[in-house]
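These are the residues of each chain, in order.
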Amino acid sequence: MAKLTLTLDGVVLKEYTLTKERTTIGRKAHNDIPIENLAVSGEHAAIVTILNDSFLEDLGSTNGTLVNGQPVKKHFLQNGDTVEIGKYKLKYANESIAGTSAADFEKTMVLRAPPRVPVEARMGDTNAGTATLPPAARLTDTQINAARNMAAASAPPPPAPPIQAGPQGVIQILSGPNAGKELPLAKALTTLGKPGVQVAVIAKRPQGYFITHVEGTTMPILNGRALDGQAHQIKDHDVIELAGVKMEFFFRPAV
């Protein structure tokens, strides 16, 4: 389980275990991690924890928030990161993700369409890949086939498709320039929204799919009602409004 170690000038003051979905940091006493110092805003920052991952968000503080010496507004925390608030430091430790990357954190924003693969590339165009071969007046079929075989032998195996334990959650865009596009929620975590404006995370759990607000002063809207800072389970055909875009969540039966 993730934890934060609060220090001042190298002296450990207290350790906090991130057991809540939303942990607040600030000068006021109601915060989960209170820091009584004038350099710290009343509600300075928040950490949203979903599954084994944590997201840090600066809540518009006066003096800002640093991670590893760099100012941030929103940051996906990695094991060993140091959060600096005023003269205080919070060391983030999460052994469950130590030595790994954020592979399950799918950074797909709803306002960007996925890249299209050219038709000739999908159909195996005979000229594809020949640009890397040694210059020649004309390559024979034998040379082309030999180059393909060498490339296939040295290429890493394709990743295995995700195991479908049940119906697959899918987001379909209902408004905006990307209306009609679909985004399968295959990863453990999928981000939706527009950075700097409004961002939410959908987590895939054994109990179902849950949406949590991560960034922005305005909360996402679910079926016409604004969410709070906690995770909310989304159900078949729920409508989400995020960053000015409407989208529908639905289940696609497993094949």
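All figures in this text were calculated on a predicted structure; none of them were measured in a lab.

Participant: An account of the overall build of the chain is needed here, citing residue identities and associated values.
Facilitator: In terms of helices and strands, the chain carries 2 helices and 22 strands. Accessible area for the chain stands at about 15,000 Å²; split by element, carbon and sulfur atoms hold 55% of it.

Participant: Provide a residue-level description of the packing of aromatic side chains, including the pertinent values.
Facilitator: In this structure the tally under the stated criterion is 4 aromatic pairs. Ring centres 5.3 Å apart and planes at 40 degrees place the aromatic pair Phe55 and Phe76 in the tilted group. One end of the pair, Phe55, is in strand 6 (residues 53-58); the other, Phe76, is in strand 9 (residues 74-76), and 21 residues separate them in sequence. Note that Arg205 overlies the ring of Phe210, its terminal NZ or CZ placed 4.5 Å from the centroid.

Participant: Could you give me a rundown of the pattern of salt bridges, with the residues and numbers involved?
Facilitator: Applying the stated criterion across every chain yields a total of 4 salt bridges. Between Arg252 and Glu182 there is a salt bridge, with its nearest N and O atoms 2.4 Å apart. Taken together, the residues span a long stretch of sequence, with Arg252 in strand 22 (residues 245-252) and Glu182 in strand 14 (residues 182-184) at a distance of 70 residues.

Participant: Lay out the side chain of Glu57 with the relevant residues and their values.
Facilitator: With respect to the element layout, Glu57 can be found in strand 6. Arg22 is the oppositely charged side chain nearest to the buried, salt-bridge-free Glu57, at an N-O distance of 4.6 Å. Those residues within four positions of Glu57 in sequence are excluded, and the remaining contacts are Ala45, Ala46, Lys73, Lys74, Val214, Glu215 and Gly216.

Participant: I'd like a description of the sheet that holds strand 19 (residues 225-226), backed by residues and values.
Facilitator: The sheet built from 6 strands is open, its strands ordered 14-13-22-21-18-19 with antiparallel pairing. Lying at the two open borders of the sheet, with one neighbouring strand each, are strand 14 and strand 19. The sheet contact formed by strand 13 (residues 168-173) and strand 22 spans 6 bridges and is antiparallel. Note on strand 22: the bridge partner recorded for Ile171 is Phe249.

Participant: Report on unusual backbone geometry, specifying residues and quantitative values.
Facilitator: Phi is positive for Asn223, which is not a glycine, with a value near 55 degrees. Within the secondary structure, Asn223 sits in the loop between strand 18 (221-222) and strand 19. Even without being a glycine, Ala243 presents a positive backbone phi close to 55 degrees. Within the secondary structure, Ala243 is located in the loop between strand 21 (238-242) and strand 22. The buried category is assigned to Ala243, whose relative accessible area is 19%.

Participant: Can you tell me about the sheet that holds strand 3 (residues 22-26), naming the residues and giving the values?
Facilitator: Strands sit in the order 4-3-5-6-9 across an open sheet of 5 strands; the sheet is mixed. Edge positions in the sheet fall to strand 4 (33-34) and strand 9, since each has one partner strand and no second. The pairing of strand 5 (residues 45-50) with strand 6 spans 6 bridges and is classified as antiparallel. Counterpart to Thr49 in the pairing with strand 6 is Ser54.

Participant: Outline the nonpolar core, supporting the account with residue identities and numerical values.
Facilitator: Ranked by size, the top nonpolar core spans 20 residues in total, and within it Leu56 and Leu90 carry the most contacts. Counting residues per element, the ones that place at least two in this core are strand 1 (3-8), strand 5, strand 10 (82-85) and strand 11 (88-93). Per element, the largest residue contribution to this core is 3 residues, and it comes from strand 11. Leu90 has contacts with Leu4, Thr5, Leu6, Ile25, Ile33, Asp81, Thr82, Val83 and Ile85, leaving out every residue within four places of it along the chain. Counting 17 residues, the second-largest nonpolar core is a separate cluster that includes Ile173, Leu185, Ile211 and Ile234.

Participant: Please provide a residue-by-residue account of the environment of Met1, values included.
Facilitator: Considering the arrangement of structural elements, one finds Met1 in the segment before strand 1. Met1 sits in the exposed class, given a relative accessible area of 72%. The contacts of Met1, once residues within four sequence positions are left out, are Thr17, Leu18, Thr19 and Ala93.

About the thresholds
- Residues numbered from 1 in each chain as written.
- Predicted model: local features only at pLDDT ≥ 70, side-chain atom pairs only at ≥ 80, totals over all residues.
- Heavy atoms only, no water.
- Helix = DSSP H or I, 4+ residues; strand = E, 2+ residues; numbered from the N terminus.
- Areas by Shrake-Rupley, 256 points an atom, 1.4 Å probe, with all protein chains shown as cover.
- Phe/Tyr/Trp six-rings, centres within 6.5 Å; stacked < 30°, edge-to-face > 60°.
- Lys NZ or Arg CZ within 6 Å of the ring centre and 35° of its normal.
- Salt bridge = Lys/Arg side-chain N within 4 Å of Asp/Glu carboxyl O.
- Buried < 20%, exposed > 50% of the residue type's maximum accessible area, 1.4 Å probe, protein only.
- Lys, Arg positive; Asp, Glu negative; His and termini not counted.
- Contact = heavy atoms within 4.5 Å.
- Pairing = 2+ DSSP bridges.
- Core = buried A, V, L, I, M, F, W, Y, C linked by side-chain atoms within 4.5 Å.

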